[in-house]
Amino acid sequence: MDIVLQQLLNAVALGGTYALLALGLAIVFSVMGLINFAHGELMTATGYGIFFGIAAGFPFILSLGMGVGLAVVLALSMERVAFRPIRRASPTIMLLTSFAVSTILHTLMQNLISARPKPIPIPDMLAGAVTIGAHQIGTIQVLSIVIAAVSLIGLTLFFRATLLGIGMRAAAEDFDVARLMGLNANRVIAVAFAISGVLAGIAGILWLFQRGSVDPLMGFVPVLKAFIAVVLGGMGSLVGAVAGGFILGVVEVLLRAFLPDALISYRDAISLSIVIAILYFYPDGIIPRRENIR
Amino acid sequence: MSFGSTLSRAIAVDAVPGAALLAGLVALPCLVIALTGSGALVLTATNFLVMLIAVLGISLFSGNSGIISFGNVAFMAIGAQVSATLTLPPAIKTANLPLLPVFLQSIQLDFWSATAAALIVVIIVALASGLALVRMSPTSASIATLGLLIIVNSIIVGAQGFTRGSQAMYGVPKLVGLPMAVGLAVVAIIATRLYRDSVTGIRLRAGRDNDAAARACGIDVPAERLRAWVAGAILSGLAGAMFAHMLTVFSAKSFYFDLTFSIIAMMVVGGMASVTGAVSGAVVITVLIEILRRLENGFSLGGLQVPQIFGLTQVGLSVAILVILYGGQTGLLGFREIDSFLPKSWRRQRALPAAASAQARADDGGDVLSVQKLTKSYGGLVAVSDVSLSVRRGEIVGLIGPNGSGKTTLLGCIAGTHAATSGDIRIGTLSLNGLAPHAIARLGIGRTFQTVRLFANMTVLENVTAALADAERGSGLDALAGRAMDLLAEMGIAELSGHIAGTLAYGQQRRVEIARAVAVSPAFLLLDEPTAGMNDVETGVILATLKRLVAERNIGLLIVDHDMKLIMSLCDRIVVLNKGALIAEGSPDEIQGNKNVQEAYLGRRHARLAGNQA
């Protein structure tokens, strides 16, 4: 019983991280059709923001805030500098542009900071375990789940209850029509990038809690996984992205827990193959966005 | 039927001179290097040719389908891994690959057998992955190819013992030299160039330019994608096997993101939609990489010492990609091939047909398109409600109704782009329910769209040829192009045949779209506002053309339009929809006098006033 509960919590914690990343990707994709390869660099930037914050002697919590802030600033500048000139281009061209931007950014980090991992000291109070009933659960895990849940609920409220949020949803459904209704395109896209920066920042914090160090390629693997989650959920569907993230998290944790030792090194290959097999039956994802052919 | 004649009908004869010229331009300098060059230069040239084959592999799929593939490097990895395992001397295998089965440890094959075996594995993986990804949207499919790259890499790394894991695979015999690379590159260039202009290549490009329209022309887009995916994978696998036997040492990391990035840079910089572009991109990027690699370890510039810059090559490639994308966005050559730089007299000109020849398709039974009790709802919103109608061949039926009355949705349900919630659609006794759009087109239903959907980057002739290809299975490309030319002449637009469709004026685009719909050899034609945005003269031309088509080809026409003059003068019968329901049906005169129709269009009060005036 205990192991099942433990694995379930692991799955929720990992799935939550993927869901935050996937949601950030999906928001940007839905307003401008861009799959942002450089999303991983936002996560990495968060790591360095925290590292330098702590190194400069700021309190831990403030450093976390600086990390997220750096991700938002980077997201906004990348939109302004790199993606605005090609806003009307085909998805293929935007994809390739972000691929190039991502390469330039992590090469810059390798040269200007260091190719080696920089340690992030996690405060002792986070290292322990929480006792809930008869169970002991890692503090970091509980914190991860709480942070992911609060972020998702907060974002849901933003999308449902604020004027800007409703505008964003309208833009995600049909960007051109939303513009005709008076929505400012520059503002909507900037907000989408800012949100994606916040989400990548939070996901970066959760990832750092698990790893304890930051290096230039930190964001690479989780964001690749998040891409897959977005496709699994249904390209451009926000709910789908969250669902895709959690499904991928559950699949990975289950494989890690129950795969025989001989197969454990094929974990990623198996989980991605499972996803591709699902896509064979649902080529538009499990919660597809509706398209109209006129 | 001999193989030769099958081949000559399948390949694009017109593309042969350009392909041969391109292959010659690549082969000649490399052969000169092979005869006279130094060791380092020979290696660079060989390396260039292997990369060129790899680029052609990716561009064969991505350039023609519009789906960027990150997965072709996975096929290179498989090609290298499997072929090298088979050519490696047994002594090295026992030491380095201890888990291999004994029969694999003891054999040592030559390059060709080993590569053939590797390509079989490549084909199996390509089919398995392709079945899933060809059905996805282009962006999703791109991401799925990325998944494939990760899957293959992690299997090779994880299978240590069968492979070298993340360590280097060394001791591979050097079996690929410059002459062999030249030969294989020539074959690859000619094959990809001829593929691009073949019937299947044209159909795939049609799907790239406009997916929905391609399906409406009877093109099975996923099937065409799958062919190109497997063909591209074979080229990539070949390049991988050559890579291993040229460098004699490689690791799983050799075939991962860095290589993917270099190859995509080559494709993008040259222009991903053309073979000439892929070749020029490979040249430019190879030169760039050679220069940057020398600068990477630091250099002095006018007395200023520049320190070592880690990853300079990658940044250089990124900048090259960005310059191209921000500039023209379609690469150095865009969609052009080397052929367009040849003198006109070298190129074959297609003669304009002297007279239009009308050829009706042999009648295959179904004379009536019938729709029974069709309902289409989106959640709670009912777009079409319980509508029944029929169209006979040779009859023109108008479908009218206020905006939002469900006309386009009804056409979409018939053509298969929308799935009806309930109801029955048949040609004669043949049910169309649940069929894919391309299957419905092949059964004899052509359509145009409310907003023009042409294959914008292809010529007018290619637009029509793409649609003919399925109606006339098995005809050679030459015969198809001739038929397409006849059809364009019949529509009075033969002089536009060589123009790129996207550059035409709006009225001309509409006519090309109708010509393309007719090319499907339809028994029934669904036209959605064919004269929207046209002036009276243009509308008159369309009107005459449609009447002639119906008479000469015995087509049943279902036409949606807001131009009441056109509808009243063209149609034998008119069906009126309002709020998704059929409210009236009858001759133009009956419809004009119908109270319900006037109310639907004008509102109740105005209808009464109009009635009083009449």
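Model, not experiment: these values are computed from the prediction. (Residues numbered from 1 in each chain as written. Chains lettered and ligands numbered in written order. Predicted model: local features only at pLDDT ≥ 70, side-chain atom pairs only at ≥ 80, totals over all residues. Heavy atoms only, no water.)

1. A short note on the overall build of chain A
Reasoning step 1: For chain A, the count of helices and strands is eleven helices and four strands.
Reasoning step 2: Rg of the C-alpha trace for chain A: 19 Å, near the compact-globule value of 19 Å for 294 residues, within the 12% margin.
Reasoning step 3: Once the C-alpha set of chain A is aligned to its principal axes, its extents read approximately 55 × 50 × 40 Å.
Reasoning step 4: Looking at chain A residue by residue over its 294 residues, the buried ones come to 55%.
Reasoning step 5: Pairs at least 24 apart in sequence give 74% of the contacts found in chain A among residues at least 6 apart. (Helix = DSSP H or I, 4+ residues; strand = E, 2+ residues; numbered from the N terminus. Rg over C-alpha atoms; globule rule 2.2 N^0.38 Å. Buried < 20%, exposed > 50% of the residue type's maximum accessible area, 1.4 Å probe, protein only. Contact = heavy atoms within 4.5 Å.)

2. Comments concerning the overall build of chain B
Reasoning step 1: Helix and strand counts for chain B come out as 25 helices and twelve strands.
Reasoning step 2: Counting every position in chain B, which comprises 614 residues, the buried fraction comes to 57%.
Reasoning step 3: Taking as baseline every contact in chain B between residues at least 6 positions apart, the subset at least 24 positions apart corresponds to 74%.
Reasoning step 4: Carbon and sulfur atoms make up 62% of the accessible area of chain B, which amounts to about 23700 Å² in all. (Areas by Shrake-Rupley, 256 points an atom, 1.4 Å probe, with all protein chains shown as cover.)

3. Let's talk about the sheet that holds strand β7 (residues 430-431) of chain B
Residue and element names in this part refer to chain B.
Reasoning step 1: Reading across from one edge, β4-β3-β6-β7 is the order of the four strands in this open sheet, with antiparallel pairing throughout. Since the sheet does not close on itself, it has two edges, and those belong to β4 (381-392) and β7, each with one partner.
Reasoning step 2: Sheet topology places strand β6 (residues 422-427) next to β7; two bridges connect them, and they run antiparallel. Counterpart to R426 in the pairing with β7 is S431.
Reasoning step 3: Contacts from helix α16 (residues 407-415) reach β3 (368-378), β4 and β6, with the element oriented near 115° to β3. (Pairing = 2+ DSSP bridges. Axes fitted to C-alpha atoms, helices over the stretch in contact; angles between N-to-C directions.)

4. Focus on the interface of chain B and chain A
Reasoning step 1: Counting from both sides, the interface comprises 47 residues of chain B and, opposite them, 43 residues of chain A.
Reasoning step 2: At the junction of chain B and chain A, the tally comes to three residue pairs in polar contact (both at pLDDT 80 or more).
Reasoning step 3: The set of elements that each furnish at least two residues to the side of chain B that touches chain A consists of α7 (111-133), α8 (138-158), α13 (257-270) and α15 (312-326) of chain B.
Reasoning step 4: The residue makeup of the side of chain B that touches chain A, split by class, is 29 nonpolar, 16 polar and two charged. (Polar contact = N/O pair within 3.5 Å; in protein donor to acceptor, adjacent residues only side chain to side chain. Nonpolar A, V, L, I, M, F, W, Y, C, P; charged D, E, K, R; others polar.)

5. So, a nonpolar patch on the surface
Reasoning step 1: Residues A:Y280, A:F281, A:Y282 and B:L131 make up a contiguous nonpolar surface patch of roughly 440 Å² in combined accessible area.
Reasoning step 2: Here A:Y282 shows up in the segment after α11 (267-281). (Patch = residues over 30% accessible without salt bridge, like charges linked within 9 Å, V, L, I, M, F, W, Y side chains within 5 Å. Salt bridge = Lys/Arg side-chain N within 4 Å of Asp/Glu carboxyl O.)

6. Some points on the domain arrangement of chain B
Residues and elements named next belong to chain B.
Reasoning step 1: Domain annotation of chain B identifies domain 1 (12-254), domain 2 (368-444 + 522-613) and domain 3 (454-521).
Reasoning step 2: With centres defined by C-alpha atoms, the gap from domain 2 to domain 3 works out at 25 Å.
Reasoning step 3: Listed per partner, the contact involves 21 residues of domain 2 and 14 residues of domain 3.
Reasoning step 4: Contact between domain 2 and domain 3 buries roughly 1400 Å² in total, counting both sides, with carbon and sulfur atoms accounting for 59%.
Reasoning step 5: Among the residues domain 2 hides against domain 3, the three largest losses belong to R442, P522 and R553. Together they make up 32% of the total.
Reasoning step 6: Note that E490 and R553 form a salt bridge whose closest N and O atoms lie 3.0 Å from each other. (Domains from an automatic or database assignment. Buried area = accessible area lost by both parts, 1.4 Å probe.)

7. Description of the environment of A:I50
Residue and element names in this part refer to chain A.
Reasoning step 1: Inspection of the secondary structure puts I50 in helix α2 (residues 39-55).
Reasoning step 2: Classification of I50 as buried rests on a relative accessible area of 1%.
Reasoning step 3: Through-space distance from the C-alpha of I50 to that of T156 is 27 Å; in sequence the pair is 106 residues apart.
Reasoning step 4: If we ignore the near neighbours within four places in the chain, the residues touching I50 are S63, L64, G67, I120, I205 and L208.

8. As for the packing of helix α9 (residues 220-233) of chain A against helix α10 (residues 238-258) of chain A
Residues and elements named next belong to chain A.
Reasoning step 1: Here α9 crosses α10 at 120°, and the two axes come no closer than 7 Å. Considering their axes alone, α9 and α10 lie oblique with respect to each other. Here α9 runs over α10; the crossing is right-handed. Contact residues: α9 offers K225, A229, L232 and G233, while α10 offers G240, A241, G244, G245, I247, L248 and E252. (Parallel < 35°, antiparallel > 145°, perpendicular 65-115°, else oblique. Left-handed = near helix turned anticlockwise from the far one by under 90°.)

9. Topic: unusual backbone geometry
All names here are of chain B.
Reasoning step 1: The residue T248 is not glycine, and still its phi comes out positive at about 65°.
Reasoning step 2: Tracing the chain through its elements places T248 in the loop between α12 (221-247) and α13.
Reasoning step 3: Taking relative accessible area as the criterion, T248 reaches 24% and is therefore assigned partly exposed.
Reasoning step 4: The phi torsion at S521 lies on the positive side, around 55°, for a residue other than glycine.
Reasoning step 5: Looking at the secondary structure, you find S521 in the loop between α20 (506-519) and β9 (524-528).
Reasoning step 6: Here S521 falls in the buried class, since its relative accessible area comes to 11%.

10. What to know about the pairing of strand β12 (residues 581-586) of chain B
Residues and elements named next belong to chain B.
Reasoning step 1: Strand direction decides the pairing type here: strand β11 (residues 573-578) and β12, joined by five bridges, are antiparallel. Bridged to I574 within β12 is G586.
Reasoning step 2: Hairpin remark: β11 followed by β12, antiparallel, with two residues in the connecting loop; positive phi at K579, about 50°.

11. Structural notes on the pattern of salt bridges
Reasoning step 1: In this structure the tally under the stated criterion is 23 salt bridges over all chains.
Reasoning step 2: Residue A:R87 is joined to A:E79 by a salt bridge in which the shortest nitrogen-to-oxygen separation is 3.1 Å. Comparing A:R87 with A:E79 shows no difference in burial state: the two are buried.
Reasoning step 3: When the shortest N-O distance is used, the salt bridge between A:E252 and A:K225 registers 3.2 Å. One end of the pair, A:E252, is in helix α10; the other, A:K225, is in helix α9, and 27 residues separate them in sequence. Residues A:E252 and A:K225 agree in their burial class; the two are buried.
Reasoning step 4: Salt bridges sharing partners connect three or more residues here, namely B:R193, B:R196, B:D197, B:R205 and B:E462.

12. Section: the confidence of the model for chain B
Residues and elements named next belong to chain B.
Reasoning step 1: The share of residues in chain B with pLDDT of 70 or more is 89%, and the mean pLDDT across the chain is 86.
Reasoning step 2: Mean pLDDT across the secondary structure elements of chain B bottoms out at helix α1 (residues 3-10), with 50, and peaks at helix α4 (residues 72-87), with 97.
Reasoning step 3: Between residues 1-6, whose pLDDT stays under 50, and residues either more than four places distant or in other chains, the model counts two contacts.
Reasoning step 4: Note that residues 353-364 has pLDDT below 50 and, in this model, 20 contacts with residues that lie over four places away or in other chains. (pLDDT = per-residue confidence, 0-100.)

13. What to know about the sheet that holds β9(B)
Residue and element names in this part refer to chain B.
Reasoning step 1: If you walk across this open sheet you meet the six strands as β8-β9-β10-β5-β11-β12, and the pairing is mixed. Either end of the sheet is taken by a strand with one partner, and the two such strands are β8 (445-447) and β12. For this sheet, the mean angle separating the axes of adjacent strands, direction not counted, is 20°.
Reasoning step 2: Its contacts with the sheet put α16 on β5 (396-400), β8, β9, β10 (556-560) and β11, and the angle it makes with β9 is roughly 150°.

14. Comments concerning the nonpolar core
Reasoning step 1: In this structure, A:I27 and B:L49 are the most contacted members of the largest nonpolar core, which totals 200 residues.
Reasoning step 2: Considering every element that reaches this core, the biggest residue donor is helix α8 (residues 185-211) of chain A, with 17 residues.
Reasoning step 3: Discounting chain neighbours no more than four positions away, the residues touching B:L49 are B:V26, B:C30, B:L178, B:A181, B:V182 and B:A185. (Core = buried A, V, L, I, M, F, W, Y, C linked by side-chain atoms within 4.5 Å.)

15. As for the environment of A:I287
Residues and elements named next belong to chain A.
Reasoning step 1: With respect to the helices and strands, I287 occurs in the segment after α11.
Reasoning step 2: Accessibility expressed as a relative area gives 33% for I287, which makes it partly exposed.
Reasoning step 3: Among all residues touching I287, those that are not within four sequence positions of it are G233, G234, S237, V239, G240 and A243.

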